Amino acid sequence: QDSGYEVAKQYHVSVVLTTGTRVQGTVAVCAPQGNDRLSDYTRSPETFRYLVTHKNTWIINLSHIVELTELAD
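The sections below set out a description of the structure shown in this document. (Residues numbered from 1 in each chain as written. Predicted model: local features only at pLDDT ≥ 70, side-chain atom pairs only at ≥ 80, totals over all residues. Heavy atoms only, no water.)

Looking now at the pairing of strand S2 (residues 22-29). Bridging between strand S1 (residues 9-17) and S2 involves eight bridges; their strand directions are antiparallel. Directly across from Lys-9, in S2, lies its bridge partner Val-29. With antiparallel pairing between neighbouring strands as the criterion, S1 and S2 make up a hairpin whose turn holds four residues, including Gly-20 at a positive phi of roughly 95°. (Pairing = 2+ DSSP bridges. Helix = DSSP H or I, 4+ residues; strand = E, 2+ residues; numbered from the N terminus.)

See the structure below:
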């Protein structure tokens, strides 16, 4: 796990995948301040990203995200 993960900006999101599956959870954007927006998460050079739910952690291929929406806390 990235050493900055614990201090990364956290977003509560809803993700729709190419399979039609919708998952809600938290994503962390590990980037310098100013580049830590949710839109930066989708432009990351990494292919796979973590989405943490109440029950488990998903490893998602970014190319399979159809919709990514920030949810109100």
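For the rest of this paragraph, the subject is the pattern of salt bridges. Opposite charge on two side chains allows them to pair when their charged atoms are near. Counted by the stated rule, this structure contains four salt bridges. Two residues, Arg-37 and Asp-40, come together in a salt bridge whose shortest N-O distance is 3.1 Å. In this structure Asp-40 comes out as buried when scored by relative accessible area, which is 15%. Here Arg-49 makes a salt bridge to Glu-46, at a shortest N to O gap of 3.7 Å. Judged by its relative accessible area of 12%, Arg-49 falls in the buried class. It is possible to trace a salt-bridge network through shared partners that takes in Arg-37, Asp-40 and Arg-43. (Salt bridge = Lys/Arg side-chain N within 4 Å of Asp/Glu carboxyl O. Buried < 20%, exposed > 50% of the residue type's maximum accessible area, 1.4 Å probe, protein only.)

Geometric descriptors of this kind do not, in isolation, establish any biological role.
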